[in-house]
Amino acid sequence: MTEIPGHRLIASAARLVPPPRRTEWQREWEAEAAYAWQRLVREGTPSSLAVLRLRVRVLTCWIDALWERKQTMTMMGMWADLRFAARSLLRYPTFTTVAVVTLALGIGVNTAVFTLVDGVLISPLPYDEPEELLSLEHLGRDGRDELPMSTGLYALYQEQSRSIEELALHSMQAVNLVGGGDPERILVQVVTPTFFQVLGAQAAVGRTFSEAEGLPDGPRVAVLSDGMWRERFDADPGVIGQTVDINGVLREVIGIMPASFGYPDRRARLWLPMVVDPNQAPLAAFGMGGVARMAEGSTIETVDGELRGLIGRLDEFFPESGAVAFLTQVGLAPRVRPLKESLVGELDRTLWILLGTVGFVLLIACANVANLLIVRAESRQRELALRVAVGAGRADVVRAFMSESFVLAVIGGVGGLLVAAGAVRLSMDLVPTNIPRLDEIGIDARVLTFTGAISIGSALLFGLFPLLRSSGDLAGQLRDGGGRGQTGSKQTHRLRNGLVVTQMALALVLLVGSGLMLRSFQAMRTMDPGFDAEGVLTARITIPNAEVQDNGEVASFFRTLLQQLDEHPLVASAGFAQSVPLGGGVGYHNLAVEDFPAGNGEIGVLASNNQISAGYFEAMGIDVVEGRSFEPGDGADGVRAAIVNAAFAERWWPGESALGRRMNRDSPQEEWFEVVGVVENAHYQSLEATPEHMVYWPATVGPADTPLPARSVDVAIRTTGDPTALIPILRGAVAELNARIPVSNPRAMTEVVSDATARTAFTMVLLGAASGVALLLGIVGIYGVISYIVAQRTREIGVRMALGATASSVRSMVVRHGLVLAAWGVVVGLAGAVAMSRVIASILFGVTATDPWTYVVVAALLTVVAAGASWLPARRAAGVDPSNALRSD
Amino acid sequence: MGRLFSLTYPTAAVLLAVQSGHRYGFDIMDATGLPDGTVYPILRRLERRGVLEGQWEDEAQARREQRPQRRYYALTPVGEESIAEVLERFPTLPRIFGAEPGTA
């Protein structure tokens, strides 16, 4: 038999196949070729074309062989490399520990912040088809007035809008819950019956509201939150059908919401139906939140456009309402936003800045690990040269390096997850409670993916650096007998110096950021809020109509209460207001001012309004700048007095005295109130915002026999000692007058202030922690580089010392090297910080983003730290014994 | 259970060819009409995934025909299961392999 065509082809291809598979592989191909040849020959002498075809077919054994090789090599090779990497990492425990801890910190803080970002910003809302949900609000005067939603607009949109499938109103209120144990002051959401339907939420037990329950004279019902149900009713499903006493009205419990439901505010303990009479819904009674579900095929733009159209025709729909002219005047415009966006509010900026910050920390960590790996790479030169000598290709060398980086990154990633889990739990106590969706935050699949991705990304990043260095002539290294080629070292030094400079620069940017936050926090703390929080207790007291009907009784309740408090030895002064500073709930209203009469349909003067008692300014520490404070009896017939704040006075009577001017609350038949005093500007909305114009009215207004008192007030009591000691005194005094009226939310005013600074404090602490880690890693980096250089130059230093260099000159030489690196880092970092200043400017307060002091102090700090980090290796260098050093090599 | 291999047309063709009795590498090349260079890598992959199983043919048979033993491929139970999916994805394929082995 002649030789089978392709026989030699198979034999040579077989050499490619890895040995364990080779014999079988060759046998199989040879058998196939033999069989095919046999069949050809059986039918006589085969045509040359047929022989050629067979040859071509056999030729494809090369493809098979190459595939076999690739498969086996990558699987076996990769695994072997990983095992080898793990083993060699174990051999250098210090290196491995430092690298892993660095990475775990870097990955951990990133995962932690990403968990926050993910929970708050990325993950969808837990409602049905959340992308269809919108928040509906309105703005006036080009965004200067916030006019959320009114029942009138609700009724109008519900009837007319086609782009909205369904909408609902919600409004948070505080009510008194009586019966069972202590009377309790609780927060509730009053919502239109459409509310649950819009969100697609179902009751866990029972049902939600029906349409009839939102009509005037409808059934009186309530839906409980899961928390309320568990705490007050021991999770008894039999509570359905029972009644609860809310503000003196008995309501039947019809349903219990699942624990996961807490829109729009987790603090609400139950939901009550909002009664809207479509025929009498007031158009301008703003102050409710609106949520809507888009109709199919609608977009935010179509909803916005349609609502604008409807608002343009308000006079058609509300021909008798006087408010139309007012709304036209302020240029009422809808603000339609995705529900999520409105929930998250301005937090997203802070969170993205934080994520960017910790991204920097990770970069610094990677630079550190890269630095460590470069040193490792030096010592691996021989091993790699050996690999190349026995036939490893470039790809194999890359894999050998990368597998070590990969193993480090995986361990670092796992460590990072642990760090993140701890940090997330820890920060839950730290974050301001007004961060939305806090309870939805946790480490989930998306977070795990993120951690995996940044771990691998980091491995690629820091694993690359030693490769840059090792691309040189490896075989040459082996020949020269060691990894000490001078060219290589120079290149390495440059690389490592570059890394350290980058680290320093990044650390500087972060330190500037946290320095600026610190200054913001300080500014907030030291600013004059317009009141004196020290030694003040506040608490809210509400007298519902159902409890005390008669206005005279309400007025005398508060009068007697203040008298009793004033008589107590611990109380320096006491008073009350509709709202105390930072308490929320100050209403913006139209005023009529005698000096500035408004034409028909024009807006008069807008200002915040606050009804206060005599003694309030003294108790709250708001100074009277001009004129006098309120006295008992102000507000009664014939003694109509008002007080304005300095901002209001300055706005309307700049350079003149506001005293003696007259105004009223925009009702033509009301008498004029005369301004009797001007007080300093107290911050009511927030510490950051400029204080609003405010007018204070007496707490009790009207004739002595039928006064119109405020029913819901914040009491303010000033003491010389600890304000919380006043809590039992206040409770006792209230209980003595009427045991069914609760004292809610008693807090020291200082606590209210620190809550108002909570977000800044939170950002400051996180940025501070991040830049602290950055600084620490920077120190490790510079220390590592300088130590390494000292070790490399031991010989040279020995020679210098043998030639008469003093220890101190050697020390300063080494420290100088560290300082040069630091200086470069500072220069690059300052430029970076200035470039980044625009980003952080939006969350600063009372300090500019390019505050020179912060920059100077941070630059100095970094330089000092760098000098310190170089000092230790410098001391070691100065201790070199010339004779030893010269002998060692 | 997730799929063990990506079910491309060539893979499906190889599986059906094996199922309809074309058991040897060169026979499968003939039966499927796939480019020669693609069939063996597919066979190797399917064997590694446990979809196919390679066996050496009976020694006596080869000796009788005075040639070396050939290596043939058969579906494993996993492979048998995967046929249903092959038929579902490529319903026209079976007609191509209707013929008896060796006659293609």
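Residues numbered from 1 in each chain as written. Chains lettered and ligands numbered in written order. Predicted model: local features only at pLDDT ≥ 70, side-chain atom pairs only at ≥ 80, totals over all residues.

**Structural notes on the overall build of chain B**
Link 1 in the chain: Secondary structure summary: chain B contains six helices and two strands in total.
Link 2 in the chain: Counting from the amino terminus, helix and strand elements in chain B follow one another as α-α-α-β-α-β-α-α.
Link 3 in the chain: Relative to its 104 residues, chain B shows a buried fraction of 34%.
Link 4 in the chain: Of the contacts formed within chain B by residues at least 6 apart in sequence, a portion of 60% connects residues at least 24 apart. (Helix = DSSP H or I, 4+ residues; strand = E, 2+ residues; numbered from the N terminus. Buried ≥ 20, exposed ≤ 12 C-beta atoms within 10 Å, placed from the backbone. Contact = placed C-beta atoms within 7 Å.)

**A closer look at the overall build of chain A**
Link 1 in the chain: Check the secondary structure of chain A and you find 27 helices and 24 strands.
Link 2 in the chain: By residue count, 42% of the 889 residues in chain A fall in the buried class.
Link 3 in the chain: Taking as baseline every contact in chain A between residues at least 6 positions apart, the subset at least 24 positions apart corresponds to 83%.

**Focus on the pairing of strand S6 (residues 221–224) of chain A**
Residue and element names in this part refer to chain A.
Link 1 in the chain: Alternating residues of S6 divide into Val-221 and Val-223 and Ala-222 and Leu-224, and every residue in both groups is buried.
Link 2 in the chain: Relative to strand S9 (residues 270–273), S6 runs antiparallel, the two sharing two bridges. Opposite Leu-224, over in S9, you have Leu-270 as the bridge partner. (Pairing = 2+ DSSP bridges.)

**Some words on the confidence of the model for chain B**
Residue and element names in this part refer to chain B.
Link 1 in the chain: Mean pLDDT for chain B: 82, with 85% of residues reaching 70 or above.
Link 2 in the chain: Strand S2 (residues 71–75) holds the highest mean pLDDT among the elements of chain B, 92, whereas helix H6 (residues 93–96) holds the lowest, 70.
Link 3 in the chain: The low-confidence segment residues 99–104 (pLDDT under 50) makes eight contacts with residues lying over four places distant or belonging to another chain.
Link 4 in the chain: We note a pTM of 0.64 for the whole complex and an ipTM of 0.90 for its interfaces. (pLDDT = per-residue confidence, 0-100.)

**Overview of unusual backbone geometry**
All names here are of chain A.
Link 1 in the chain: A positive phi is found at Ala-235, a non-glycine position, where the angle reads about 55 degrees.
Link 2 in the chain: Here Ala-235 lies in the loop between helix H8 (226–233) and strand S7 (243–246).
Link 3 in the chain: Judged by local crowding, Ala-235 falls into the exposed class, with 12 C-beta atoms found within 10 Å.
Link 4 in the chain: One non-glycine residue, Asn-247, lies in positive phi territory at about 50 degrees.
Link 5 in the chain: For Asn-247, a count of 19 C-beta atoms within 10 Å corresponds to the partly exposed category.

**Some words on the interface of chain B and chain A**
Link 1 in the chain: Each side of the interface is counted separately: chain B has 14 residues, and chain A has 15 residues.
Link 2 in the chain: Contributions of two or more residues to the side of chain B that touches chain A are made by helix H2 (25–32) and helix H3 (36–48) of chain B.
Link 3 in the chain: In terms of residues, the side of chain B that touches chain A owes the most to one element, H3 of chain B, which gives five residues.
Link 4 in the chain: Taken together, the residues of the side of chain B that touches chain A sort by class into six nonpolar, three polar and five charged. (Nonpolar A, V, L, I, M, F, W, Y, C, P; charged D, E, K, R; others polar.)

**Quick look at the environment of Ile-456 of chain A**
Link 1 in the chain: Here Ile-456 of chain A lies in helix H15 (residues 445–470).
Link 2 in the chain: Distance from Ile-456 of chain A to Ala-409 of chain A, taken between C-alpha atoms, is 6.5 Å for residues 47 residues apart in sequence.

**A closer look at the pairing of strand S20 (residues 694–698) of chain A**
All names here are of chain A.
Link 1 in the chain: Among the five residues of S20, five are classified as buried, and the element is accordingly described as predominantly covered.
Link 2 in the chain: Both faces of S20 are covered, namely the face carrying Met-694, Tyr-696 and Pro-698 and the face carrying Val-695 and Trp-697.
Link 3 in the chain: Of the strand pairs in this sheet, strand S15 (residues 605–612) and S20 are connected by five bridges, and their pairing is parallel. Note that in S20 the partner of Asn-609 across the bridge is Val-695.

**A look at the packing of helix H25 (residues 807–841) of chain A against helix H26 (residues 852–878) of chain A**
Residues and elements named next belong to chain A.
Link 1 in the chain: Two elements in contact, H25 and H26, have axes whose closest approach is 8 Å; the angle formed by their N-to-C orientations is 150 degrees. Taken as axis vectors, H25 and H26 run roughly antiparallel relative to one another. The crossing of H25 and H26 is right-handed. (Axes fitted to C-alpha atoms, helices over the stretch in contact; angles between N-to-C directions. Parallel < 35°, antiparallel > 145°, perpendicular 65-115°, else oblique. Left-handed = near helix turned anticlockwise from the far one by under 90°.)

**Overview of the nonpolar core**
Residue and element names in this part refer to chain A.
Link 1 in the chain: In this structure, Met-504, Leu-508, Ile-717 and Ala-774 are the most contacted members of the largest nonpolar core, which totals 169 residues.
Link 2 in the chain: Of the residues forming this core, the biggest block, 18 residues, is contributed by helix H13 (residues 347–389).
Link 3 in the chain: By size, the runner-up hydrophobic cluster in this structure holds 60 residues, among which are Leu-169, Val-253, Tyr-263 and Leu-314. (Core = buried A, V, L, I, M, F, W, Y, C linked by C-beta atoms within 7 Å.)

**Concerning the confidence of the model for chain A**
Close inspection of predicted coordinates is inappropriate in any region flagged by low pLDDT.
All names here are of chain A.
Link 1 in the chain: Mean pLDDT over chain A works out to 82, with 89% of the residues at or above the 70 mark.
Link 2 in the chain: Ranking the elements of chain A by mean pLDDT puts helix H16 (residues 474–480) last with 50 and helix H19 (residues 616–620) first with 93.
Link 3 in the chain: Counting contacts from residues 480–487, a segment whose pLDDT is below 50, to residues more than four positions away or on other chains yields eight contacts.

**Points about the packing of helix H23 (residues 758–792) of chain A against H26 of chain A**
Residues and elements named next belong to chain A.
Link 1 in the chain: With their axes 9 Å apart at the nearest point, H23 and H26 run at an angle of 30 degrees to one another. Judged on the interaxial angle alone, H26 and H23 are roughly parallel. Of the two elements, H23 crosses H26, and the hand of that crossing is right-handed. Contact residues: H23 offers Leu-775, Ile-779, Ile-782, Tyr-783, Ile-786, Ser-787 and Val-790, while H26 offers Val-865, Ala-866, Ala-869, Ser-870, Leu-872, Pro-873, Arg-876 and Ala-877.
Link 2 in the chain: Residue classes in the contact of H23 with H26 are distributed as twelve nonpolar, two polar and one charged.

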